[in-house]
Every structure is written in C-alpha cells, then in structure tokens.
Amino acid sequence: MRTLMVTTFVSLDGVMQAPGGGDEDRDGGFEHGGWAVPHMDQQLIQRMAALVGRAGALLLGRRAYDTFAATWPLADADDPIGARMNSLRKYVASRTLESVSWQNSTLLTGDVAKAVGELKQGEGGEIQVHGSGRLIQTLLAHDLVDSFHVLVFPVLLGSGKRLFADGVPDRPGAWLTVAARHNALDALRRARTLRSKLHLLVEPEAVTGQDAAAGPQVHDDRLRLVFLCCHPALATETQVALTLRLVCGVPTAHVAGAFLVSEPTMAARITRAKKKIAAARIPFRMPAADELPERLDAVLTTIHLLFTTGHTAPEGPSLTRTDLEGRALELARMLHGLMPGEREVRGLLALLLANHARRATRTGGDGRLLPLAGQDRSAWDQEAIAQAHELVLGALGGGDPGRFALQAAIAALHASAPTYDDTDWPQILLLYDRLVQVWPSPVVALNRAVVVAMVAGPASALAEIEALEQDERLAGYRYLPAIKADLLRRLGREADAAVAYERALSLAGNDAERAFLAGRLAEVGPGR
C-alpha cells in the first residue's frame, strides 16, 4: 500500500526552478504565468532533488499543475529535478481542466477522494501532494493523508545575493500574495528595503481591516496547521498526538514515549482518531478567532512536546535534535505574537527560552552529557534568560498560574542562579508542590523528587522514588532508574546504584546519555 504525503515547497516567489529553463529576464530569473522563478544555488537544487527523488508519483491541484507544467519541461536535460519531475507519474485533480498535456500526466475527474484511495491501494512508492487547501481538506476528511512535509527555500537572485537579507513586511504572506497577483518581480524588488521578521509560508488571502478587527489571525501556515489539527472533537491527548505525528513529523515511537505508552498503543490511538475523523466527517478548517482559545491548551502541549523531543532526543548519536528545538521555539514565538495576552503562552515561550539558553553547554567536547552542575554558566545565553525572566513575570501575575507558567518559573530560577550551589532549591520545591497540584503527572512528581534530594537529602527523595516505581506509567521511563541510581550513589550504596544504572542504560536511546550512564556505572562498579 502506498503512503500519501502533503508536500509544500515554499519560496517567497511561490515557485522553484533549476537554472536553464525559460527566457531569462533582466533580473536573472524567469517568468511563467505571472510568477517569478529565480535561480537556485546548488545546495537548494540538491535539497529539492532529494525530496522529489523519493516520490513514486505526484498528485497535483490545478494551480500546482499549471505552474509545474510551465516550468519543468523547459529544464535542461541534465537537470536532476527537471528530469525527475518529467518522468514521474502525475495525477491532476481539477474540476475545470479538460485535458492535461504534460508527459506522464493523468487527469482525475469525478470523485477525487475515491480515485486517490484506489491509487494508495497500488504499488509504486510515496505519492507527494502539491495542491490547494481545498484538495488537502478533501484528502484529510477521507483519512488519506499519512504525513506532511514543508520544505522552505530562501530566494536567490541571479547575482547570488539572498533576497530579504534585511527583513520583510510584518505580514509577508498576505503582502506577497497580493503583490504577486499584479507584478511579482516589482514586488520582490520593493521588499528588499523592508524590515521585519520572515514568516516562511505564504498566506492565501490578504487580511482585510474587518478581519483584523475580529480578533487574532494566524498568519503562518506552520502554526495554522497545528491549530487546524488540534480539533476539539478529539480528546486533547489525541489532538496532540495526531498533530505531532502528521504536522510535526515526529515518529510514532517518539510520540508514544512523550505520553508514556507503548508504540503499538499510540499507533492504535492515531489510527482510531483518523477513522473517527473520516466516519464523523469532521471538517478540518482553520478556526475563527473566537475558536482559538478552546484549542490553545492542545497547541501549547504540542509545541512543548515538540521542543522536549528535540531538547533531549529519544535516540541517535546526539543529545539534541536542533531542528525540532528550533521549530518549536519559532512556533512559540509566533503563538506569543498571535496571543500576547495569554499568560500560558508567555509561560511556554519563557520555558523554552530558559531551557534553550543552555544548549551550548549541555554536552562536553566528546559529546557526552554534562549534568546541570557541570555546565559552564558563563556560556549560557543571557539575552534569552532575560527574555524568559520578563515573560515569567507576566505569566505569574493576574491569578493562579498554569502549568507552563510554573514550569517557566522553575526553569528561570535554574537559569538565573550564579552557580549550581546557589540555586534556590526551597523556592523551586514550593513551585513543584504547586505544579503537582495543577498538573498531577508522574513525570512532574519524579522531577520534584530530584529537588527533594537537594532540600531534604537523598534518603527522603529515594522514598518518593520507590513509591513512584509502583506507577505503571513509569515502567519504561528511562529517567526513573537513572535518578534512583544517582540517589543510591550519593548514599554510598554502590552495588544497588549499579543495578539501577544498568536498567537506565538499557532504556536510554541517545548516545550522549548512554555514554554518561556508562561512565557512572564504571565509577560504582558492576551490579549484584
């Protein structure tokens, strides 16, 4: 059975093409159907070629077909992207086209969902989708989408100078879309002089004054997809799991780990959710401004779990996945820009900033994990810590704090302590006591036990750890035996510590944590 992946190639002009196709214009780009197509450097060509190289077929909407069919057939014969695009089997979903002329193209008419469902039953590799929101909604409604992939390209002019090196308008998606309809090249020239933050995905419609007055608008397609997938018709945990898997691309095994369940259990949950969406014909549309608050908790949780998955990778050679960390932090910034008055939004951004500030010091030169006590605090990002501190003040004021505000306050206290010994452990314990009430998670209770050890000693903390060992949700959680081992080591019970270290080592996935645990195991000697 074939998989279907919704793929978005994004550049600020909307279209990509390798050098050599079409008539060169005065800026060194190309024009096809009113869109500007700039030269791409070799690195960009390789990135795009790798993605289309894995495709077994393309499913195109009308606009994608018109753009691609006007672009790729003009590429040089030795262009890897053009050659691949021309040779791939292409299926075109359109109600208005009467025929398609691009080689290896087939027009799908009638029931598109049924036709795509039949295509998926065959053989031939992954089907990559390039289409409108309407086409994608149709595919989602019939449980046909297996994953999403967004590949962002910076724009290059023929001179090789990066466009928008100095920034773009506040709402670049809406601005570029409107401008491109009239004169794409002139719009791109004007945008060189404008300054703002780059939102990488293009907004389909310009935002009117009436829309802006109605409430907050989501202007970035990455955040838009997160809000869209966190549908209130599903349980919150299911919303988060589905979004992490389909929108963020987190493997099912890692999603399962975040929820303390097995991979088969999580896979079954995701499958049931997709079936429920199809059976109940749940409409996947962007929520209106007044509907955003009811989805906020799931969106916050999704971004937080995406960050934690990158902050400490479940597996692999490195301690971190910087791509996931960066993506989560950017989403948190966008969310704060969208809903700056929400205290939990401030809390989430503060939490991520405070933790991300330590990124350069969490491993040694050999790649081995460095615990908090051994990190060089002079190398921490003080600007990020200051931003986190300011956000924490806003998150804690105005009523009972939520779980993200409390976690942010804890992270800020760790980040602001001049040394490990100067950490305000009693204050952190008070915050954990409150957090356990707000969010009675076994992981929170486990983290609290670490702080108990610093306030009341390792023996008191060990009693709490032994109680947590009875919680089946922590049965495969690698940090439970790791923390127990450290407490036993500090109590001088080296043989018992070795047993716990061996258990933690058997559960650890990434090499940095494994090297650290192996080193500690060597210090205490073999277990009984």
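Nothing here was measured: the structure is a model prediction, and the numbers come from that model.

Visitor: If you had to explain helix H15 (residues 382–396) to someone new, which residues and values would you point to?
Guide: Three- or four-residue spacings in an α-helix give side chains the same orientation, since the helix completes a turn every 3.6 residues. The terminal C-alpha atoms of H15, which comprises 15 residues, lie 21 Å apart, in line with the 21 Å expected from a rise of 1.5 Å per residue. Listed as buried for H15 are Ala 384, Ile 385, Ala 388, Leu 391, Val 392 and Ala 395. Viewed end-on, H15 has its buried residues packed into an arc of 125°, placing them on one side of the element. Away from its buried face, by an angle of more than 90 degrees, H15 presents the exposed residues Glu 383, Glu 390 and Leu 393. On the buried face of H15, the contacting elements are helix H13 (322–338), helix H14 (343–356) and helix H16 (403–416).

Visitor: Describe the pattern of salt bridges, with residues and values.
Guide: Using the criterion set out here, one finds 18 salt bridges in the structure. With its nearest N and O atoms 2.8 Å apart, the salt bridge here joins Arg 62 to Asp 66. One end of the pair is Arg 62 and the other is Asp 66, both in helix H2 (residues 62–71) and four residues apart, which spans about a single turn. Assessed through its relative accessible area of 35%, Asp 66 is described here as partly exposed. Across the pair Arg 434 and Asp 400 runs a salt bridge, and its minimum N-O distance is 3.2 Å. In this pair, Arg 434 sits in helix H17 (residues 425–438) while Asp 400 sits in the loop between H15 and H16, placing the two residues 34 residues apart along the sequence. For Arg 434, a relative accessible area of 32% corresponds to the partly exposed category. Note on Asp 400: relative accessible area 64%, which makes it exposed.

Visitor: Lay out the packing of aromatic side chains with the relevant residues and their values.
Guide: Between two aromatic rings, the relevant description is the distance of the centres plus the angle of the planes. What the rule picks out here adds up to three aromatic pairs. Centre to centre, the rings of Tyr 420 and Trp 425 are 5.5 Å apart; their planes meet at 70°, and the pair counts as edge-to-face. When its relative accessible area of 22% is taken as the criterion, Tyr 420 is described as partly exposed. Where Tyr 477 meets Tyr 479, the ring centres are 5.4 Å apart and the plane angle is 75°; that geometry is what we call edge-to-face. The exposure class assigned to Tyr 477 is buried, which follows from its relative accessible area of 17%. Overall, Tyr 479 belongs to the partly exposed group, its relative accessible area being 25%.

Visitor: Tell me about the nonpolar core, and please be specific about residues and values.
Guide: Judged by nonpolar contacts, the single largest core of 125 residues is most densely connected at Leu 59, Leu 139, Leu 244, Ile 303, Leu 335 and Leu 352. Here this core takes nine residues from helix H12 (residues 292–311), the largest share from any one element. Those residues in contact with Leu 59 that sit more than four places away from it in its chain are Leu 4, Tyr 91, Ala 93, Leu 108, Val 116, Ile 127, Gln 128, Val 129, His 130 and Leu 139. Counting residues in each nonpolar core, the second largest holds 15 residues, with Ala 55, Tyr 65, Phe 68 and Leu 97 among its members.

Visitor: Any chance you could break down the environment of Phe 68 for me, citing the residues and the numbers?
Guide: Relative to the elements of secondary structure, Phe 68 occurs in helix H2. Considered as a pair, Phe 68 and Gly 82 are 14 residues apart in the sequence and their alpha carbons are 9.7 Å apart.

Visitor: Can you explain H12? Please cite residues and give values.
Guide: Its 20 residues place the ends of H12 27 Å apart at the C-alpha level, agreeing with the 28 Å of an ideal helix rising 1.5 Å per residue. The sharpest bend along H12 measures roughly 30° and falls at Ala 298.

Visitor: Account for the pairing of strand E5 (residues 89–93), with residues named and values stated.
Guide: Most of E5 sits inside the fold, with four of its five residues counted as buried. Bridge count for E5 against strand E6 (residues 105–108) is four bridges, and the pairing is parallel. By the bridge assignment for E6, Tyr 91 is matched with Thr 106.

Visitor: So what about unusual backbone geometry? Which residues, and what values?
Guide: The residue Asn 104 is not glycine, and still its phi comes out positive at about 65°. Relative to the helices and strands, Asn 104 is located in the loop between E5 and E6.

Visitor: Describe the state of the cysteines, and please don't skip the residues or the numbers.
Guide: Scanning all chains against the criterion turns up zero disulfides. In this structure Cys 230 is not part of a disulfide, and its nearest cysteine sulfur, from Cys 229, lies 6.4 Å away. Residue classification places Cys 230 among the buried positions, given a relative accessible area of 0%.

Visitor: Describe the side chain of Glu 344, listing the residues and the values that go with them.
Guide: If you trace the backbone, Glu 344 turns up in helix H14. Within the structure, the side chain of Glu 344 is placed 3.0 Å from the backbone nitrogen of Phe 404, a separation counted as a polar contact. Ignoring anything within four residues of it in the chain, the contact list for Glu 344 reads Leu 300, Gly 402, Arg 403, Phe 404 and Ala 405.

What counts, and where the lines are drawn
Residues numbered from 1 in each chain as written. Predicted model: local features only at pLDDT ≥ 70, side-chain atom pairs only at ≥ 80, totals over all residues. Heavy atoms only, no water. Helix = DSSP H or I, 4+ residues; strand = E, 2+ residues; numbered from the N terminus. Expected span 1.5 Å × (residues − 1). Buried < 20%, exposed > 50% of the residue type's maximum accessible area, 1.4 Å probe, protein only. Arc of directions from axis to C-beta. Contact = heavy atoms within 4.5 Å. Salt bridge = Lys/Arg side-chain N within 4 Å of Asp/Glu carboxyl O. Phe/Tyr/Trp six-rings, centres within 6.5 Å; stacked < 30°, edge-to-face > 60°. Core = buried A, V, L, I, M, F, W, Y, C linked by side-chain atoms within 4.5 Å. Bend = angle between axes of the 7 residues up to and from the residue. Pairing = 2+ DSSP bridges. Disulfide = S-S within 2.5 Å. Polar contact = N/O pair within 3.5 Å; in protein donor to acceptor, adjacent residues only side chain to side chain.

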